[in-house]
Amino acid sequence: MQLICTIGRQNPGGMDISPPAPLAIAASLPRRHWVNRVPATDSSPDHLKWQEVEPQEINALPRGRPAFEGRIPKPPCGHLLRLENDGWLGSLLQEPKTGLAWYHAQLNRRAAMKAEKKEYTLSALRPTLENMRLFIAHLQAGRQFSEPLTDAERGALNKLDKQAAALLQGGEVPYRRTVFLAFAFGTLYELLAQKHVLARLVQQNPVMQDLISYEFGRCETLGNHRSLDTVDIDPERVVACDWGGLNPGGEDEKDYLFDGDFFVGEQLPALLDNEDLLLYPSWQPLDLKDLCHLGHLPVYPVGLISTYATNADGFMHSPFAFMVHDLAHALQGGTFQQLHGSHPLDKPESRVAFRQLILNKIPRALAHLELEKALTVLVFYLLHEEPVKKAIRALEERSFTRLMLAQLQARRDFWTSYSDDYQGITDEQGAIAALWIHRLFAHWKAASYQLSTQQLDGFAQRFLEQDRVQLLSHLDYIEQQRDALRDLFFSQSEELSNLLVNLPSDNRRFTYMKGIFLRPHSDCFFQLAEPRSGCCIDNCEVVYFDKLHQAGGREEMERITGSPVLHTEPL
């Protein structure tokens, strides 16, 4: 995938972060909420040395939208664009019975049309083509950019509009050609957005923070790849490419634009030919809950946008970069490869049952805890962010540690990826949600995936009286002993290089090296200055719960803190 990510540090993450308090002031503040030393850069677990740093409050989470979203201007007349609602993607496919029935009907219909040597059609994509024509008319009317389009740009848009109109003729919509047309349009709109807006933003600020733009490439000669400047790409030549047979005899778009691109050049045609899945390009806005409700199906939205860039995974993505991001999710999730297995979550029916169990059947005994948002974040992680096999592993581990880490990272490390609705989840709510899903999954599996309302209510009551009580005791212990625990975990950790992930040098990152459930060199438990917020992030909780499962781990923590752990059973 050829994406350019330019990251700079300007008032960390663009947030208004107050300067750190002086050492004298920090001494008078609640100590467990502040950090004033980290291992020195030349330190090692065998020879631990400390480096004093300006005191920082830990986990002081920002609220509101990240400033980098506001650095991308809005189209001058964007409010005049009225796109149609996509009823299938936005609603009907999210209904368990309707969505599953539709998916299986499409599999059967596709196989029958193939046997008859007919082109597979998908009428659900009609709004995609209709919205494409509406957006093209908006562009042609000069309402999207502050400067007029060139004749070549207008000609390219006219060609795509005519092709969209032709595909809409008749009662059915050709699936493969419609998806290719959506990618052709996304490519053209990427060129327009970069030329008229995004390239100028980068020129004005070469370290434009958190902007990912798509980089086109061409193979000039054998083994000689050249990145293409968008001003050198002819828009009329772009839309004249073959695009999966839309323009028979046209130049191969892979050779002209996507040399070396794994997702567009190689995987897009393969995914379109895979009869177990459907790619679904659409302008329909989808939020976290929508993606949870679609996560069981091998139907993958490919987002088309009408802005110049949009936030995905905490970075602003240009129009075509966003489409490639969604292709990557389709491949990463791999639900199209998990259709008939006997293990939990190995087929759409069991995945939707899991989602309903967690989000639609919250027992009355837990209602006062207000866990819905915290549970939604974790279902999103399990059904959208993680490959199915990794999700199953996280659920079937002996500990809820990995689920807790996912919950902490969503709220602390990756807060810019989530809408305002999912800010403000408390540490307690996040931890309870992670433990509840872990415990409930094991109980559901033991009951052969059949739990009556009475059984679920009884299990919830036992969870409140036993598991939650133990969890809150552990959380209180961590909060009281956080400084000593952090020092212990530092002594068994290594620093991660910022160079590998292109982060500012003032962000010191540490990974715990002795975990059972935590991945060394990958899972970061401490960050001195997380770049999107500038906050100091301390995820000692997950190391603590991991350590409880280690031989002698509890005793080691008790020695370092001088205080006993009241509940000895690891969670």
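All values reported here derive from a predicted model rather than from experimental measurement.

### Topic: the pattern of salt bridges
Item 1. Counting across every chain of the model gives 32 salt bridges.
Item 2. One salt bridge connects Arg-65 with Asp-420, and the closest N-O pair in it is separated by 2.9 Å. Residue Arg-65 is found in the loop between strand E3 (50-57) and helix H2 (67-70), and its partner Asp-420 is found in the loop between helix H16 (401-411) and helix H17 (427-446); the two are separated by 355 residues along the sequence.
Item 3. Taking the relative accessible area as the measure of exposure, Asp-420 reaches 39% and is therefore partly exposed.
Item 4. Put simply, Glu-495 and Arg-508 hold a salt bridge, and the shortest N to O gap is 2.5 Å. Of this pair, Glu-495 sits in strand E11 (residues 493-496) while Arg-508 sits in the loop between E11 and strand E12 (509-512), and the two are 13 residues apart along the sequence.
Item 5. Shared partners join several salt bridges into a network, and the residues in it are Arg-411, Arg-412, Asp-427, Glu-479, Arg-482, Asp-483, Arg-486, Asp-538 and Glu-541.

### Focus: the nonpolar core
Item 1. Ranked by size, the top nonpolar core spans 88 residues in total, and within it Ile-72, Tyr-175, Phe-183, Phe-185, Trp-243, Leu-268 and Leu-279 carry the most contacts.
Item 2. When residues no more than four places from it in sequence are discounted, the contact partners of Leu-279 are Tyr-175, Val-179, Leu-268, Leu-271, Leu-272, Tyr-300, Val-302 and Leu-327.
Item 3. Ranked by size, the runner-up nonpolar core spans 79 residues in total, among them Ile-432, Val-542, Val-543 and Leu-548.

### Thoughts on the confidence of the model for the protein
Item 1. Per-residue pLDDT for the protein averages 89, and the proportion of residues at 70 or more is 91%.
Item 2. Strand E1 (residues 3-6) is the least confidently modelled element of the protein, averaging 34 in pLDDT, while helix H5 (residues 126-140) averages 98, the highest of any element.
Item 3. Contacts from residues 1-31, a stretch scored under 50 in pLDDT, to residues over four places away or in other chains number 87 contacts.

### What to know about the environment of Trp-243
Item 1. Along the chain, Trp-243 turns up in the loop between helix H8 (235-239) and helix H9 (253-256).
Item 2. On the accessibility criterion, Trp-243 (1% relative accessible area) is buried.
Item 3. Along the primary structure Trp-243 and Arg-143 are separated by 100 residues, whereas in three dimensions their C-alpha atoms are 28 Å apart.

### Quick notes on the packing of helix H13 (residues 348-360) against H17
The axes of two packed helices give the description: the angle between them and the distance between them.
Item 1. Contact geometry of H13 with H17 gives a least axis separation of 11 Å together with a crossing angle of 130°. Considered as vectors, H13 and H17 are oriented oblique to each other. Note on packing geometry: the crossing formed by H13 with H17 is right-handed. On the side of H13, the interface is formed by Ser-350, Ala-353, Phe-354, Leu-357 and Ile-358, while H17 contributes Ile-437, Leu-440, Phe-441 and Trp-444.
Item 2. When grouped by side-chain class, the residues that make up the contact of H13 with H17 number 8 nonpolar, 1 polar and no charged.

### Regarding unusual backbone geometry
Item 1. Despite not being glycine, Asn-59 has its phi angle at roughly 55°, a positive value.
Item 2. Here Asn-59 lies in the loop between E3 and H2.
Item 3. The phi dihedral of His-521 falls on the positive side, at around 70°, and the residue is not glycine.
Item 4. Turning to its location among the elements, His-521 is positioned in the loop between E12 and strand E13 (524-527).

### Thoughts on the packing of aromatic side chains
Item 1. One pass over the structure, following the stated rule, counts 37 aromatic pairs.
Item 2. Aromatic pair Phe-183 and Phe-320: ring centres 6.0 Å apart, planes at 85°, arrangement edge-to-face. A residue pair is termed long-range when its members are at least 10 positions apart, and Phe-183 in helix H7 (residues 175-204) and Phe-320 in helix H12 (residues 319-333) qualify at 137 residues.
Item 3. Overall, the relative accessible area of 0% leaves Phe-320 in the buried class.
Item 4. Following the ring pairs from residue to residue traces out a cluster consisting of Trp-50, Phe-489, Phe-490, Phe-510, Tyr-512, Phe-525 and Phe-526.
Item 5. The ring of Trp-50 carries the charged tip of Arg-37 above its face, separated from the ring centre by 3.9 Å.

Definitions and cut-offs
- Residues numbered from 1 in each chain as written.
- Predicted model: local features only at pLDDT ≥ 70, side-chain atom pairs only at ≥ 80, totals over all residues.
- Heavy atoms only, no water.
- Salt bridge = Lys/Arg side-chain N within 4 Å of Asp/Glu carboxyl O.
- Helix = DSSP H or I, 4+ residues; strand = E, 2+ residues; numbered from the N terminus.
- Buried < 20%, exposed > 50% of the residue type's maximum accessible area, 1.4 Å probe, protein only.
- Core = buried A, V, L, I, M, F, W, Y, C linked by side-chain atoms within 4.5 Å.
- Contact = heavy atoms within 4.5 Å.
- pLDDT = per-residue confidence, 0-100.
- Axes fitted to C-alpha atoms, helices over the stretch in contact; angles between N-to-C directions.
- Parallel < 35°, antiparallel > 145°, perpendicular 65-115°, else oblique.
- Left-handed = near helix turned anticlockwise from the far one by under 90°.
- Nonpolar A, V, L, I, M, F, W, Y, C, P; charged D, E, K, R; others polar.
- Phe/Tyr/Trp six-rings, centres within 6.5 Å; stacked < 30°, edge-to-face > 60°.
- Lys NZ or Arg CZ within 6 Å of the ring centre and 35° of its normal.

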